[in-house]
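Listed here are the chains, written in short residue letters.
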Amino acid sequence: MKTRVLRYSMLTVVLGLTTYLALGFGKRSFEAYCPFGGMESLWGLFREGQFSCATGPLNLSMLVAVIILALIAKKAFCGWVCPIGFLSELIGRLGLKIIPRNTKLNPKLNDRLKLIRYVGLILALYFTYRTGELILRGYDPFYIIFSGFGHGTLGLVTIIVFTITIIGSFLIPMFFCRYLCPLGATIDPFSRLGLIKIARDEELCIDCGDCQAACPHDIAPHEMIYVRHRDCTNCLECIDACPEKDCLTLKVKL
Amino acid sequence: MTIPRYSIPILTIVLLFAGYFLRFAFTQPTTSVEFGETGKAKLVCIVDGVKCKGTANYFTNMFNGVEGISSIETIATEHIATFTYDPTKINREQIRKIIEQPILLRDGSSRQFFSCVKMK
Ligand code: SF4
Ligand code: SF4
Ligand code: SF4
């Protein structure tokens, strides 16, 4: 079975569960499970020993779990769980189907643009800690979609930001994850250290480039022995795409 | 060391479940208020309507000046409110009545904001 079938099945289940919670059927709000809520709660916990706004213990424990997962298996949370990553990937694939083209950006420009997510993370935390409110709600596609532009969104500003995110995702694969996501930025340093990574056997590689073409994050496994890149989600698309048996494998490597 | 592909989804699921149960390790509340009384009886309520810091604060303030309530602690995302109270001054049903009382709105109308789904 292609790994993607398994991965998309898992992502569909998570998307379904999130929708179920968003429709009000669950015990908690869908927001209670978001690991970034753990980051948003840190200052309140540090200052007053209390959770701020709509954050709670589950946000914090999910953040801890996602960080431990990143230390073991890089951004597996992004590739196998996150509904926004899933929707971004689907929109990106739809974009490629409708307008087949080369989506590869200049690597330097791509890397510079990725810095925006760190600025986003700092701004999001600064304003959340200053106001005690979940300021990100107006800009966060996860909240905007599942709350249906609910309480805390910012009218026209939210509509503009959301439209840019959708159009961006259509034109550049994983647009939100690459350039904007503050949770992705939070996990980055842990993912860089992640133990389980893609390994390439130089002897078997024919340098066809299919692995990079298949990678949603435009990583080039054929230029590396081990994929240590912080953006690697261990989605395993590159292994599926590689024509040489056992050329790309999963390895535990410090 | 080479490992099978299925280790990634398996590890992911295991860690998510671990994260779900790890929440019990974080016992910090959303609000915690002491009212200066000495009663020690405990009542845990699941309160529909307590869902963020704002609603938790409002909820807690409804008990300002109510005789017999020693403290209230809320965990908003779990919709939990824990009371300590003096059963000789106030009982569980009276607490429920205060929780479920209609709240006067600015336009003069009133509405019930909170309801006690469960009492433990
Ligand atoms: S980068 Fe952010 S939005 Fe993208 S998959 Fe990861 S957590 Fe989700
Ligand atoms: S390098 Fe391979 S496993 Fe990593 S994100 Fe790209 S396709 Fe997925
Ligand atoms: S797809 Fe496989 S064979 Fe082709 S370049 Fe990548 S690692 Fe080498």
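Conventions used here
Residues numbered from 1 in each chain as written. Chains lettered and ligands numbered in written order. Predicted model: local features only at pLDDT ≥ 70, side-chain atom pairs only at ≥ 80, totals over all residues. Heavy atoms only, no water. Helix = DSSP H or I, 4+ residues; strand = E, 2+ residues; numbered from the N terminus. Rg over C-alpha atoms; globule rule 2.2 N^0.38 Å. Buried < 20%, exposed > 50% of the residue type's maximum accessible area, 1.4 Å probe, protein only. Salt bridge = Lys/Arg side-chain N within 4 Å of Asp/Glu carboxyl O. Domains from an automatic or database assignment. Contact = heavy atoms within 4.5 Å. Buried area = accessible area lost by both parts, 1.4 Å probe. Axes fitted to C-alpha atoms, helices over the stretch in contact; angles between N-to-C directions. Left-handed = near helix turned anticlockwise from the far one by under 90°. Nonpolar A, V, L, I, M, F, W, Y, C, P; charged D, E, K, R; others polar. Near = heavy atom within 4 Å. pLDDT = per-residue confidence, 0-100.

Caption draft 1: Spatial organisation of the overall build of chain B. When helices and strands are tallied, chain B shows 3 helices and 8 strands. Moving toward the C terminus, one meets the helices and strands of chain B in the order β-α-β-β-α-β-β-α-β-β-β. Rg of the C-alpha trace for chain B: 20 Å, well past the compact-globule value of 14 Å for 120 residues, more than 25% over. The principal-axis extents of the C-alpha atoms in chain B amount to approximately 65 × 40 × 20 Å. Classification of the 120 residues of chain B by burial places 43% in the buried group.

Caption draft 2: Summary view of the pattern of salt bridges. All names here are of chain A. Taken as a whole, this structure holds 21 salt bridges over all chains when the rule is applied. Here Asp 231 makes a salt bridge to Arg 117, at a shortest N to O gap of 2.8 Å. Placement of Asp 231 in the loop between α12 (210-214) and α13 (237-241) and of Arg 117 in helix α7 (residues 116-131) is noted, with a sequence separation of 114 residues between them. An identical accessibility class is assigned to Asp 231 and Arg 117; each is buried. Notably, a salt bridge pairs Lys 245 with Asp 246, separated by 3.5 Å at the nearest N-O pair. Judged by relative accessible area, Lys 245 falls into the exposed class, the value being 68%.

Caption draft 3: Up close: the domain arrangement of chain A. Residue and element names in this part refer to chain A. Parsing chain A into structural domains produces domain 1 (2-190) and domain 2 (196-252). Between the C-alpha centres of domain 1 and domain 2 there is a distance of 25 Å. Contact residues are listed per partner, giving 24 residues for domain 1 and 18 residues for domain 2. Both faces combined, the contact of domain 1 with domain 2 buries some 1800 Å², and carbon together with sulfur accounts for 42% of it. Of all residues in domain 1, the largest losses of buried area upon contact with domain 2 belong to Thr 3, Lys 74 and Lys 75, amounting jointly to 28% of the total for that side. Viewed at the interface, domain 2 and domain 1 are joined by 8 salt bridges. Asp 218 serves as the salt-bridge partner of Lys 104, at 3.8 Å between the closest nitrogen and oxygen.

Caption draft 4: Highlighting the packing of helix α2 (residues 36-48) of chain A against helix α3 (residues 57-73) of chain A. Residues and elements named next belong to chain A. One can describe the packing of α2 onto α3 by two numbers: an axis separation of 8 Å at closest approach and a directional angle of 115°. Handedness of the crossing formed by α2 with α3: left-handed. Residues Gly 37, Gly 38, Met 39, Ser 41, Leu 42 and Leu 45 of α2 form the contact with α3, whose participating residues are Asn 59, Leu 60 and Leu 63. Here the contact of α2 with α3 is composed, by residue class, of 5 nonpolar, 4 polar and no charged.

Caption draft 5: Spotlight on the site of ligand 1. Residue and element names in this part refer to chain A. The environment of ligand 1 is made up of Phe 77, Cys 78, Cys 82, Ile 84, Gly 85, Phe 176, Cys 177, Cys 181, Leu 183 and Gly 184. Of all the secondary structure elements, the ones that give two or more residues to the shell around ligand 1 are α4 (76-80), α5 (83-98), α10 (175-179) and α11 (182-192). A per-class count over the shell around ligand 1 returns 8 nonpolar, 2 polar and no charged.

Caption draft 6: Just the environment of Ile 72 of chain A, in detail. The residue Ile 72 of chain A is located in helix α3 in this model. Owing to a relative accessible area of 27%, Ile 72 of chain A belongs among the partly exposed residues under this scheme. For the pair formed by Ile 72 of chain A and Leu 195 of chain A, sequence separation is 123 residues and the distance between their alpha carbons is 4.9 Å. For Ile 72 of chain A, the contacting residues outside a window of four places in its chain are Gly 194, Leu 195 and Ile 196 of chain A together with Leu 11 and Leu 15 of chain B.

Caption draft 7: Focus on the confidence of the model for chain B. Residues and elements named next belong to chain B. Taken as a whole, chain B shows an average pLDDT of 94; of its residues, 100% reach a score of 70 or greater. Summarising per-element confidence for chain B, the mean pLDDT is lowest in strand β6 (residues 102-104) (89) and highest in helix α1 (residues 7-22) (97). Quick note on the complex model: pTM equals 0.93, ipTM equals 0.93.

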